[in-house]
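Structural description and commentary
Here are the chains, one letter per residue:
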Amino acid sequence: MRWLWTPAWIARHVAMVVLVGSFLGLGWWQISRATAGNNLSWGYAVEWPIFAGFVVYVWWREVRLARRAAQGGTEPPAEQAVEPPPAATAGSRPAVRRPVRVTRVPVDASPGDDATLAAYNDYLSWLNANPGARPGDYPG
């Protein structure tokens, strides 16, 4: 447990205590405002303790992860252990799949074939040539 008393961990412990105390104090302040008639403060009165709980959860999780790393536990926990598929044996090679190749087919349609597309392109080029014009000013 000596690793919990390094300067970095002491800063984390202090930050956790300050944040939890602040969040609970803000929650109490919102409760006092809510009882004075501010109905919106009821939501905040619930929200601040949730934030405090989240800070405690993150601190607890970091302590657990650091303890596991300090014990040399680089292996995943037993419930998350990944077992090889049953078809794989100790001496067999893993199956290698070939990459999927996608052929690109060029489009044969030329822009002049579609009258609607040509009209739209003319409209866009007119708008580009007349930057201050509105769409309703288009003469076509």
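Now for a quick tour of the structure. (Residues numbered from 1 in each chain as written. Predicted model: local features only at pLDDT ≥ 70, side-chain atom pairs only at ≥ 80, totals over all residues. Heavy atoms only, no water.)

1. Some points on the overall build of the protein chain
Definition in use: Here a helix means four or more residues in a row that DSSP labels H or I, a strand means two or more in a row labelled E, and each is numbered from the N terminus. Two residues form a contact once any of their heavy atoms are found within 4.5 Å. Working definition of accessibility: Shrake-Rupley area with a 1.4 Å probe, residue cover restricted to the visible protein chains.
Each helix and strand in the protein chain was counted, giving three helices and zero strands. Starting at the N terminus and walking to the C terminus, you meet the elements of the protein chain as α-α-α. Here the contacts in the protein chain between residues at least 6 apart in sequence split such that 45% fall between residues at least 24 apart. Carbon and sulfur atoms make up 62% of the accessible area of the protein chain, which totals about 12100 Å².

2. Some remarks on helix 2 (residues 41-70)
Let me state the cut-off plainly: A helix is expected to span 1.5 Å for every residue after the first. Only protein chains enter the calculation, and the probe is 1.4 Å; a residue is then buried if its accessible area is under 20% of its type maximum, exposed if over 50%, and partly exposed in between.
Between its first and last C-alpha, helix 2 extends 44 Å over 30 residues, near the 44 Å set by a 1.5 Å rise per residue. Ser41, Ala45, Trp48, Ala52, Val55 and Val63 are the residues of helix 2 that are buried. Among the residues trailing helix 2, glycine 72 stands out with phi positive, at a value near 80 degrees.

3. Description of a positive patch on the surface
Defined as follows: The patches described consist of residues with a relative accessible area above 30% and no salt bridge, like charges being joined within 9 Å and nonpolar side chains (Val, Leu, Ile, Met, Phe, Trp, Tyr) within 5 Å. Any Lys or Arg side-chain nitrogen found within 4 Å of a carboxyl oxygen on Asp or Glu counts as a salt bridge. In this charge count, Lys and Arg are treated as positive and Asp and Glu as negative; neither His nor the chain ends contribute. We put the charge of a Lys on NZ, of an Arg on CZ, of an Asp on CG and of a Glu on CD.
On the surface, Arg61, Arg64, Arg67 and Arg68 cluster together to form a positively charged patch. Relative to the elements of secondary structure, arginine 61 occurs in helix 2.

4. Digging into the environment of tryptophan 42
Along the chain, tryptophan 42 falls in helix 2. Not counting residues up to four positions away in its chain, the partners in contact with tryptophan 42 are Ala34 and Thr35.

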